[in-house]
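# Notes for the structure review
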Amino acid sequence: MAAIYSLFIINKSGGLIFYKDYGSAGRMDTNDSLRLASLWHSMHAISQQLSPTTGCSGIELLQADTFDLHCFQSLTGTKFFVVCEPGTLHMEALLKVIYELYTDYVLKNPFYEMEMPIRCELFDLNLSQAIQKDRVALLGR
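Let me sum up the structure you'll find in this document. Remember, it's a predicted structure, so these values are computed and weren't measured experimentally.

Conventions adopted
- Throughout this document, residue positions are counted from 1 along each chain, in the order its sequence is written.
- Reporting of local features is limited, given that this is a predicted model, to residues whose pLDDT is at least 70; pairs of side-chain atoms are given and counted only at 80 or more, and all residues count toward the totals for whole chains, interfaces and linings.
- Heavy atoms throughout the structure, all of them, feed into the side-chain values; hydrogens and water do not.
- What makes two strands pair is DSSP finding at least two bridges between them.
- The helix and strand labels rest on DSSP assignments: H or I over at least four residues marks a helix, E over at least two residues marks a strand, and numbering proceeds from the N terminus.
- To pair, rings of Phe, Tyr and Trp, with the six-membered ring standing in for Trp, must have centres within 6.5 Å; the planes then decide the type, stacked if under 30 degrees apart, edge-to-face if over 60, and tilted in the middle.
- Interaxial angles span 0 to 180 degrees and are taken between N-to-C directions of axes, which are lines fitted to C-alpha atoms, for helices over the stretch in contact.
- Residue contacts are defined here by distance: any two heavy atoms, one from each residue, within 4.5 Å place the two residues in contact.

On to the pairing of strand 2 (residues 16-21). In this sheet, strand 2 lies alongside strand 1 (residues 4-10) in antiparallel orientation, the contact comprising five bridges. Bridge pairing links Phe-8 to Tyr-19 in strand 2.

Okay, the packing of aromatic side chains next. For the structure shown, the criterion picks out nine aromatic pairs. When the centroid spacing of 4.6 Å and the interplanar angle of 5° are considered together, the rings of Phe-8 and Phe-81 count as stacked. Placement of the pair is Phe-8 in strand 1 and Phe-81 in strand 5 (residues 79-84), with a sequence separation of 73 residues. Pairing Phe-72 with Phe-80 gives two aromatic rings, centres 6.3 Å apart and planes at 40°, and the pair type is tilted. Through a chain of ring-to-ring contacts, three or more aromatic side chains come together here, namely Phe-8, Tyr-19, Trp-40 and Phe-81.

Our focus in this paragraph is the sheet that holds strand 1. What the five strands build is an open sheet, ordered 2-1-5-4-3; its pairing is antiparallel. On the outer flanks of this sheet lie strand 2 and strand 3 (61-63), each paired with one strand and no other. Neighbour to neighbour, the strand axes of the sheet diverge by 10° on average, direction disregarded. Sheet topology note: the strand 4 (residues 68-73)/strand 5 ladder contains six bridges and is antiparallel. Across the sheet, Gln-73 pairs through a bridge with Lys-79, a residue of strand 5. Set on the sheet, helix 2 (residues 91-107) makes contact with strand 1, strand 2, strand 4 and strand 5; between it and strand 5 the angle comes to about 135°.

Spelled out as structure tokens, the structure:
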């Protein structure tokens, strides 16, 4: 069973700009992935406003019985979240690596338009390598 089920990237408006499924048992169709991204964006924004602590950046980890959802929000408001097996470690580090790949291969691509769906072959290739490297590291522990 894969440690990482899926990866989502949401723009600052709450639109899904990237979705990748990594072999989870319950694959989602396009509408479900759009719905989940929109729901997560809303929950994240509400949690920032309702937090009793000042400077809260929103929900970073949502734990359920069958999955964990780890989230990283960049300074520009773009959200990266990974759905993975419960108890999977070091997802924060993986999300930062994914963010670095996003900045290197998507934002520096002269043909990419901000806030639009990501269609970048180099990003896909390097992302697959990073996810595979993370899976190998998890199996080696």
